[in-house]
Amino acid sequence: MSHPLAAAAPVAEVALTGDLARPVRLTVPDLLAWPQHRARVSFECATSGIRHHRFAGPLLYDVLSDAGPAFDPTRRKDRLRFLIAVTGADGHHAVLSWGEIDPDFGRASVLLAASIDDAPLDRAGPQLVLERDRCGARHISGIRAIRVDGGYAAWS
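Residues numbered from 1 in each chain as written. Predicted model: local features only at pLDDT ≥ 70, side-chain atom pairs only at ≥ 80, totals over all residues. Heavy atoms only, no water.

Below, the discussion takes up the sheet that holds strand S6 (residues 93-97). Spatial strand order, S2-S1-S11-S5-S6: five strands in an open sheet with mixed pairing. Taken across any chain shown, the strands that pair with only one partner, and hence form the sheet edges, are strand S2 (24-27) and S6. On average, each strand axis in the sheet is tilted by 20° relative to the strand beside it, whichever way the strands run. By the bridge criterion, four bridges tie strand S1 (residues 13-18) to S2 in an arrangement that is antiparallel. Looking at the pairing, alanine 15 lines up with arginine 25 of S2. (Pairing = 2+ DSSP bridges. Helix = DSSP H or I, 4+ residues; strand = E, 2+ residues; numbered from the N terminus. Axes fitted to C-alpha atoms, helices over the stretch in contact; angles between N-to-C directions.)

Rendered as C-alpha cells:
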C-alpha cells in the first residue's frame, strides 16, 4: 500500500532572485507567514469576458522587502531604478517597477495571492494580482520566478 502523501502533487515553488541580499525559494504555505490582504477583482479577459474573483495573500512589496533588495542607502531614491520581472509556469511575463509598489510612491496594492475564491494555490503556485488593472493580462498565474533587477546599464 502506498503512502498517502506519495500520491500528492508537489507544492509549487517561487524563486526570488536578482539583486537581493537573501534570495529564496518560497511556497504558498510560506507566503501565509506574511500579513494576508484580500482583494475582490473584476477584470476583462480577452477570451472569456469579465471575470470576478476573490484573492488573498501577502503584498508583493512585503515579500520582496524581506528578501533585501540591494538599494544603495547613500543614493536618495535609488530604489526607483529597480525593476521586478515576474514569470509564470505557462510562460507569461510581467514587469513592474519598484516605485509602482513602494508605499512612498505608487502604493499599488499588488498581491502574491495564496488563494483564489477561497481555494488554496499550493500546487498551482501563487498568482500576481494587480487590483487596479482593468485588463487581467498582468495577473500572472502559477508564478515560478520573480527577479529584482537594479543592475541594468544606466543610460548615458
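Anyway, onward from the coordinates.
Turning to the nonpolar core, a few remarks are in order. Across soluble globular proteins, you tend to see nonpolar side chains buried next to one another. If you look at the biggest cluster of nonpolar residues, it comprises 26 residues, and the most contacted ones within it are Leu16, Leu60, Leu64, Ile84, Leu128 and Ile146. If you list the elements that add at least two residues to this core, you get S1, helix H2 (60-66), strand S5 (83-88), S6, helix H3 (98-101), strand S7 (110-113), strand S10 (127-130) and strand S11 (143-149). Once residues lying within four places of it in the same chain are set aside, the contact partners of isoleucine 84 are Leu60, Leu64, Ala94, Val95, Leu96, Ser97, Trp98, Ile101, Ile146 and Arg147. (Core = buried A, V, L, I, M, F, W, Y, C linked by side-chain atoms within 4.5 Å. Buried < 20%, exposed > 50% of the residue type's maximum accessible area, 1.4 Å probe, protein only. Contact = heavy atoms within 4.5 Å.)

A sheet is described by the order of its strands in space; here four strands give the open sequence S3-S4-S8-S9, paired in antiparallel fashion. Two strands lie at the open edges of the sheet, namely strand S3 (37-45) and strand S9 (119-120), each paired on one side alone. Two elements, S3 and strand S4 (residues 49-57), share nine bridges in a ladder whose sense is antiparallel. Counterpart to valine 41 in the pairing with S4 is histidine 53.

Another point: a nonpolar patch on the surface. Taken together, the side chains of Leu83, Val95 and Tyr152 make up a nonpolar region of the molecular surface, amounting to roughly 250 Å² of accessible area. Relative to the elements of secondary structure, valine 95 occurs in strand S6. Residue class for valine 95 comes out exposed when judged on its relative accessible area of 51%. (Patch = residues over 30% accessible without salt bridge, like charges linked within 9 Å, V, L, I, M, F, W, Y side chains within 5 Å. Areas by Shrake-Rupley, 256 points an atom, 1.4 Å probe, with all protein chains shown as cover. Salt bridge = Lys/Arg side-chain N within 4 Å of Asp/Glu carboxyl O.)

As a further point, take the environment of arginine 38. Relative to the helices and strands, arginine 38 resides in strand S3. Taking the C-alpha atoms as reference, arginine 38 lies 29 Å from alanine 70; in sequence the two are 32 residues apart. If we skip the residues at most four places from it in the chain, arginine 38 touches Phe55 and Ala56.

Let's shift gears to the packing of aromatic side chains. This structure, assessed with the given rule, holds three aromatic pairs. Each ring, one from phenylalanine 71 and one from tryptophan 98, has its centre 5.0 Å from the other, and the planes form 75°; the classification is edge-to-face. Taken together, the positions of phenylalanine 71 in the loop between H2 and S5 and tryptophan 98 in helix H3 put the pair 27 residues apart, joining distant regions of the chain. The exposure class assigned to tryptophan 98 is buried, which follows from its relative accessible area of 1%. Here the aromatic cluster, defined as three or more aromatic residues joined through ring pairs, consists of Tyr61, Phe71, Phe82 and Trp98. (Phe/Tyr/Trp six-rings, centres within 6.5 Å; stacked < 30°, edge-to-face > 60°.)

On to the environment of aspartate 72, then. Relative to the elements of secondary structure, aspartate 72 occurs in the loop between H2 and S5. In this structure aspartate 72 comes out as partly exposed when scored by relative accessible area, which is 27%.

Unlike most non-glycine residues, arginine 107 shows phi in positive territory, near 55°. As for its position among the elements, arginine 107 is in the loop between H3 and S7. Among the residues examined, arginine 107 registers a relative accessible area of 57% and is labelled exposed. Even without a glycine there, the phi angle at aspartate 117 is positive, about 50°. What makes aspartate 117 partly exposed here is its relative accessible area of 31%.

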